[in-house]
Amino acid sequence: MHDVRAAARDSLAVGVAAAAMGVAFGVLVGQSGLAWWWATVFASVIFAGSLEFVLLGLVTALAPLGQIAAAALVVNSRHVFYALSFPLHRVRGPLAKAYSTFALTDEAYALTATPAARGWSRRRILAVQAFVQLYWVGSVTLGALGGVLVPAGVVGLDFAVTALFVVLGIDAFRARRDVPNALVAVGCAVLGVVLADARSMLAGMGLFTAYLLVRHAVAGGRRA
Amino acid sequence: MPEPGYLLAAVAVSAAITWTLRALPFALLAPLRRSPLVAHLGATTPVGVMAVLVAHTLRDVPLTAPSYGVPTAVALAVTVGLHLWRRDIVLSIVAGTAVHVVLLSGVAG
């Protein structure tokens, strides 16, 4: 139980951000004319926040499945980079690995990429992922049911998601305190948005990975 | 109104592609798990991923129209400053978001 309690504490910050975003998504589903429980189905089966927003727009416009598949590929292609750092080797067992990869959201990746997560057990990693899913599905469902209505004058709650990644980014930086790396990371991210807009995440990660490869090659050359 | 069958197919396609994108790279990287390059990338990419996610969430902030992104810049400064000072994840997020909501709701209202 100790691991589960620790996981609840680890994932609390994500709960705050997920609540802000999830309620907003649920409210959108409610306004789209779909039955409220589709919000719950989207959130629990797809479990990919930004894709769910895109998908809602596509299905209400009756977009063909091919277009939906293309959108899923573009929006979620950034996930291919997560295998580099996510500690799946510590999650033993095929079923556990299946769940862990299914639930490998931005938030789950961000939480496990911090230095604090290096000693996490299999159970603690899985519990963190399950809590993140619980927060997301719960807040999306609440939003769709209209149970939690944000007053009309209150705007800007979505900043909670930005703040989550800022904070976890600072924690990831503290692991190495590699200042040039952080500066190039921010530069690539900004360049990605400026150059590629809708595909900004893939462009930004592509640029940054290219930089890391060159840097590794140069460092290797110096060592040789 | 979309049919349930169509919606189920849309959910299935989205879920299958998302899971493939999340799981397949592990299988591809498995033989390279011990390579120094993959270890290096594994240790250095998180900062890049976070920067990319932050930039993505901020891509629609208006920089050329009122309020010129000022509420967002102030909220970012509060979040970063608090986190460097207190290292409390929840406190940094809640305070940064509160500042953002107050400034933006003030502008909108």
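Please read these numbers as outputs of a predicted model, since none were measured by experiment.

S.K.: For the pattern of salt bridges, give the residues involved together with the corresponding values.
M.R.: All names here are of chain A. Overall, the coordinates contain 4 salt bridges over all chains when judged by the stated rule. Arginine 124 serves as the salt-bridge partner of aspartate 10, at 2.8 Å between the closest nitrogen and oxygen. Highlighted residues: aspartate 10 in helix H1 (residues 2-10) and arginine 124 in helix H8 (residues 122-145), separated in sequence by 114 residues. Look at aspartate 10 and you get buried, because its relative accessible area is 15%. Of the charged contacts in the structure, one is a salt bridge between aspartate 178 and arginine 215, with a shortest N-O distance of 2.7 Å. Taken together, the residues span a long stretch of sequence, with aspartate 178 in the loop between helix H9 (159-174) and helix H10 (179-196) and arginine 215 in helix H11 (residues 200-223) at a distance of 37 residues. Owing to a relative accessible area of 27%, arginine 215 belongs among the partly exposed residues under this scheme.

S.K.: Which residues make up the nonpolar core, and what values go with them?
M.R.: Residues Phe42(A), Ile46(A), Val59(A), Leu164(A) and Phe165(A) are the most contacted members of the largest nonpolar core, which totals 95 residues. Sorting elements by how many residues they give to this core places H9(A) first, with 11 residues.

S.K.: Describe in detail the interface of chain A and chain B, supporting the description with residues and values.
M.R.: Chain A puts 85 residues into the contact, and the matching count from chain B is 65 residues. Regarding the contact of chain A and chain B, the summed buried area is about 6600 Å², with carbon and sulfur atoms giving 78% of it. By the criterion of area lost to chain B, the three top residues of chain A are Leu84(A), Phe159(A) and Arg174(A), representing 10% of everything that side buries. Inspection of the chain A/chain B interface yields 0 salt bridges.

S.K.: How would you explain unusual backbone geometry if you had to name every residue and give the values?
M.R.: For the peptide bond that leads from Pro66(B) to Ser67(B), omega is 5 degrees, which places it in the cis range. Here Ser67(B) shows up in the loop between helix H2 (36-57) and helix H3 (70-86). Although it is not a glycine, Leu62(A) sits at a positive phi angle of roughly 55 degrees. Along the chain, Leu62(A) turns up in the loop between helix H4 (49-60) and helix H5 (65-76). In the Ramachandran plot, Tyr68(B) falls in the positive-phi region, its phi being about 55 degrees despite a non-glycine side chain. Mapped onto the elements, Tyr68(B) comes out in the loop between H2 and H3.

Procedures and definitions
Residues numbered from 1 in each chain as written. Chains lettered and ligands numbered in written order. Predicted model: local features only at pLDDT ≥ 70, side-chain atom pairs only at ≥ 80, totals over all residues. Heavy atoms only, no water. Salt bridge = Lys/Arg side-chain N within 4 Å of Asp/Glu carboxyl O. Helix = DSSP H or I, 4+ residues; strand = E, 2+ residues; numbered from the N terminus. Buried < 20%, exposed > 50% of the residue type's maximum accessible area, 1.4 Å probe, protein only. Core = buried A, V, L, I, M, F, W, Y, C linked by side-chain atoms within 4.5 Å. Contact = heavy atoms within 4.5 Å. Buried area = accessible area lost by both parts, 1.4 Å probe.

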